[in-house]
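Chain residues, written in single-letter form:
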Amino acid sequence: MIVENLKEGFKEGNLEGRCVLLSSLFLSSSIYISGFNVLISLCSIAISAAFSKGKVLRFIFGFLPVIVLLFVSSLISGFNVLIAFIGILCSGALITSSKYSEIVGALIYFRFPEKFVSYVGISLALLPTVINDLENVKFLYGRSVKEYYSILKAFVAAVIIRSLSLGETLYSKGFTEKIYYEVRKPNAIDLALLSLSSLLFLSTVLQPLLFQSI
Amino acid sequence: MIEVNVDKYVYPNGEVGLKNLRLELYGNEIVIGSTGSGKSTLLKLLNGLIPNFYGGELKGFVKIFGEKPNPRDVAYVKQIPEESITCLRVKEELTFPLIQRGMKRSAALKEAEKVAEELRIGHLLERYTFELSTGELQLVEIASAILSNSKLIVLDEPFAHLSERNAKRIIEILKDERVVVAEHRIEFSDYFERTIDLGFVKREFPELKGEIGKVIHDGSLKIREGEIVAVIGENGAGKTMLLKKLAKEMRGLDVGIVLQNPAYHLTGRRVREEVGKYLSEFELEGIAERHPQSLSVGQMRKVAIAKTFKHEVLLLDEPTAGLDVNFREKLLYLLRKHKKTAVIATHDLKLAKCCDRVVEL
């Protein structure tokens, strides 16, 4: 279930790159600035889930072991931390609701150096491939807890080999730190996402100021 | 002209990669040789990966049309196409070398569409690279190398994962390019102007007849005890999927599967530890103390197959890719000697012909 959800979760969506990137930043910042406020966290989750058509929730299932761990720790630290973490995860996962080439395009649009962006883009592109490796390894070694060590060992070995071969591939293809990217005009739905995220962010930032003035 | 004048190349781990190699290449050569004879090392020398990326000690020189080897002049297609992925979608993967050379996105896309149509992979342009079969990915990587407009294209086992029809189509298209191809499927050597032999000795193995028993599985495929079934078909026909499905269906039996990427199978610290009693039969004594993940792809595949030999039923996905034709004969000999039941997904029609039954998808 975890692998399938991660695999589906990493597939691209149709939202516009710049709007998604800014919204993701606004939503996660709102949670931080509000001091893990439950209402703000829930609003972030709702906005991310609604605009990604539920896709971001797949990540919650994909990161189930981490969520369980956080649930246990939240028994001491409070459930707001758990909800805030899920909120941050959903806000971050919102970037998978756009094409990765548009996310790369958004970073370049916001004047990030192409040298940096090219590495971000390649890392993003390789995530589903790594999930594929995990799926194959899991298929080979089964699902029992006894096989967990073998799965972990084979997966880590596969990832190390993949990273080494990536270096070799980039050299052999004459990589000059340039990357394919796309930028397009946002649609109404993209602007609606950006507006709602901005509103949530502004209300979070302005809330303490309003209380002070009152 | 391409000039190779190497006294010796030693990898950083002390392994000798090449020795006393003097060649003049003109750009339409096929390089043959036994597994571990240095074919991949030669291609990496031409691309500049050796010694610039790998390090090690090189005594001698290589000149590509009078210049030092440089990845911008020499495109390199790797043996395992999954290891060449740099982008999420096929169209981005194809344009990667052009973007690196500073070409504009729209122009690069136009070029990519043209070459993709020529290679009949136009329908793959919008697909994710991680969803393609190994053969389809191999076609994408070859198309990407052609697109790079390099002075020379070097290809490491390009036909290992391709159907005969696709392989011949690629050879036809590569006729317009300067290429050096390292390949174990020596049946393709007639299509190239020159053959460079880095040391290939054909060996003979005794022919054993299989004893086919009762039906042990009747699901996606009917399988009899002791039977060796070959599954063939075009790239993307679903051969790997069938093997995976069979592995799931046959969970009650003693089944072992070897996928196309052998690295997944190797978790031990030493080859000896992985292979156990089959070490000498698979001729792995020379590398018995090596770490399995430090081996060449072909050797890794051999170790993965030997490791799986402890099972009664073997499901093998392209078992001869990256291995010389002697291994093809040897594998069949060992399967019959140990009375194994096997389903082999392959593009190697010579291997398929020697099996008890051929299933075409």
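What counts, and at which threshold
Residues numbered from 1 in each chain as written. Chains lettered and ligands numbered in written order. Predicted model: local features only at pLDDT ≥ 70, side-chain atom pairs only at ≥ 80, totals over all residues. Heavy atoms only, no water. Helix = DSSP H or I, 4+ residues; strand = E, 2+ residues; numbered from the N terminus. Buried < 20%, exposed > 50% of the residue type's maximum accessible area, 1.4 Å probe, protein only. Contact = heavy atoms within 4.5 Å. Lys, Arg positive; Asp, Glu negative; His and termini not counted. Charge placed at Lys NZ, Arg CZ, Asp CG, Glu CD. Domains from an automatic or database assignment. Buried area = accessible area lost by both parts, 1.4 Å probe. Salt bridge = Lys/Arg side-chain N within 4 Å of Asp/Glu carboxyl O. Polar contact = N/O pair within 3.5 Å; in protein donor to acceptor, adjacent residues only side chain to side chain. Pairing = 2+ DSSP bridges. Axes fitted to C-alpha atoms, helices over the stretch in contact; angles between N-to-C directions. Parallel < 35°, antiparallel > 145°, perpendicular 65-115°, else oblique. Left-handed = near helix turned anticlockwise from the far one by under 90°. Expected span 1.5 Å × (residues − 1). Patch = residues over 30% accessible without salt bridge, like charges linked within 9 Å, V, L, I, M, F, W, Y side chains within 5 Å. Areas by Shrake-Rupley, 256 points an atom, 1.4 Å probe, with all protein chains shown as cover.

Participant: Go over the overall build of chain A, please, and point to the residues and values.
Facilitator: Check the secondary structure of chain A and you find 10 helices and 0 strands. The principal-axis extents of the C-alpha atoms in chain A amount to approximately 60 × 45 × 25 Å. Here chain A, with 214 residues, has 50% of them falling under the buried criterion. Taking all contacts inside chain A whose residues are at least 6 apart in sequence as the whole, residues at least 24 apart take part in 82%. Looking at charge distribution, chain A has the averaged site of its 18 positive side-chain charges lying 2 Å from that of its 13 negative ones.

Participant: So, the environment of Val68 of chain A: which residues are in play, and what are the values?
Facilitator: The residue Val68 of chain A is located in helix α5 (residues 64-77) in this model. Between the C-alpha atoms of Val68 of chain A and Leu82 of chain A, which are 14 residues apart in sequence, the distance is 9.5 Å.

Participant: Break down the domain arrangement of chain B for me, citing the residues and quoting the values.
Facilitator: Residue and element names in this part refer to chain B. Taken domain by domain, chain B comprises domain 1 (2-197) and domain 2 (215-360). Each of domain 1 and domain 2 was reduced to a C-alpha centroid, and the two centroids are 27 Å apart. A combined buried area of about 1800 Å² lies between domain 1 and domain 2, and 49% of that area is made up of carbon and sulfur atoms. Applying the counting criterion to the domain 1 and domain 2 interface returns 3 salt bridges. Where Arg290 meets Glu15, a salt bridge forms, and the shortest distance between an N and an O atom there is 3.7 Å. At the boundary of domain 1 and domain 2, one finds 10 residue pairs in polar contact (both at pLDDT 80 or more).

Participant: Account for the sheet that holds strand β14 (residues 341-345) of chain B, with residues named and values stated.
Facilitator: All names here are of chain B. Overall, parallel pairing links the 5 strands, which are arranged β12-β13-β14-β11-β15 in an open sheet. Edge positions in the sheet fall to β12 (255-258) and β15 (357-360), since each of these pairs with one other strand and no more. The sheet shows a mean angle of 15 degrees between the axes of neighbouring strands, direction not considered. The pairing of strand β11 (residues 228-232) with β14 spans 4 bridges and is parallel.

Participant: Break down the sheet that holds strand β1 (residues 2-10) of chain B for me, citing the residues and quoting the values.
Facilitator: Residues and elements named next belong to chain B. In spatial order, the strands read β2-β1-β4; together these 3 strands make up an open sheet with antiparallel pairing. Both outer strands of the open sheet, β2 (16-25) and β4 (57-64), are each paired with one neighbouring strand and no more. Direction aside, the axes of adjacent strands within the sheet are offset by 10 degrees on average. Of the strand pairs in this sheet, β1 and β2 are connected by 8 bridges, and their pairing is antiparallel. Note on β2: the bridge partner recorded for Ile2 is Leu25. On the sheet, helix α1 (residues 39-47) packs against β1, β2 and β4 and is oriented at approximately 65 degrees with respect to β2.

Participant: So, the packing of helix α2 (residues 17-33) of chain A against helix α3 (residues 38-51) of chain A: which residues are in play, and what are the values?
Facilitator: All names here are of chain A. Close contact between α2 and α3 brings their axes to 9 Å; oriented N to C, the two are set at 165 degrees. By the angle between their axes, α2 is roughly antiparallel relative to α3. As for how α2 packs across α3, the hand of that crossing is left-handed. On α3, the residues touching Leu27, Ser30 and Ile31 of α2 are Ile40, Ser41, Ser44, Ile47 and Ser48.

Participant: Account for the interface of chain B and chain A, with residues named and values stated.
Facilitator: With 48 residues of chain B at the interface, the matching set in chain A holds 44 residues. Of the roughly 4000 Å² buried between chain B and chain A on both sides combined, carbon and sulfur atoms contribute 59%. The largest per-residue losses of area from chain B upon contact with chain A belong to Gln100, Phe130 and Tyr264 of chain B, which jointly make up 18% of the total buried on that side. On the surface where chain B and chain A come into contact, there are 6 salt bridges.

Participant: Hey, could you go over the pairing of β11 of chain B for me, with residue numbers and the actual values?
Facilitator: Residue and element names in this part refer to chain B. Burial analysis of β11 places 5 of its 5 residues in the buried class, which makes it a mostly covered element. Both β11 and β15 contribute to a ladder of 4 bridges, which runs parallel. Paired with Ile232 across the bridge in β15 is Glu360.

Participant: Let's hear about helix α6 (residues 79-93) of chain A: which residues, and what values?
Facilitator: Residue and element names in this part refer to chain A. Under the 1.5 Å per step criterion, the end-to-end length of α6 is 21 Å for 15 residues, consistent within 8% with the ideal 21 Å. What α6 keeps buried is the set Leu82, Ala84, Ile86, Gly87, Leu89, Cys90, Ser91 and Ala93. In this fold, the buried residues of α6 make contact with α2, α3, α4 (55-62) and α5.

Participant: Account for the side chain of Gln138 of chain B, with residues named and values stated.
Facilitator: Checked against the element boundaries, Gln138 of chain B lands in helix α5 (residues 134-147). In this structure Gln138 of chain B touches Val77, Lys78, Gln79, Pro81, Glu157, Pro158, His161 and Leu162 of chain B, once residues within four positions along its chain are discounted.

Participant: Can you lay out unusual backbone geometry for me, pointing to particular residues and giving the numbers?
Facilitator: All names here are of chain B. In this model, Ile50 is joined to Pro51 through a cis peptide bond whose omega is 0 degrees. Within the fold, Pro51 resides in helix α2 (residues 49-52). At Glu157, a position not held by glycine, the phi torsion is positive, near 50 degrees. Mapped onto the elements of the fold, Glu157 is located in the loop between β6 (152-156) and α6 (164-174).

Participant: Run through the environment of His217 of chain B, naming residues and quoting values.
Facilitator: All names here are of chain B. Secondary-structure assignment places His217 in strand β9 (residues 215-218). Through-space distance from the C-alpha of His217 to that of Leu253 is 9.0 Å; in sequence the pair is 36 residues apart. Setting aside anything within four residues of it in sequence, one finds His217 in contact with Lys222, Ile223, Leu246, Glu249, Met250 and Leu253. A distance of 3.4 Å separates the side chain of His217 from the backbone nitrogen of Gly219, its partner in a polar contact.

Participant: Mind laying out a nonpolar patch on the surface, listing which residues take part and the relevant values?
Facilitator: All names here are of chain A. Together, Tyr32, Ile33, Leu202, Val205, Leu206 and Leu209 line one region of the surface with nonpolar side chains, adding up to about 560 Å² of accessible area. Where the nonpolar patch is concerned, the elements lending two or more residues are α2 and α10 (188-213). Looking at the nonpolar patch element by element, the count peaks at 4 residues for α10. With respect to the element layout, Tyr32 can be found in helix α2. The exposure class assigned to Tyr32 is exposed, which follows from its relative accessible area of 55%.

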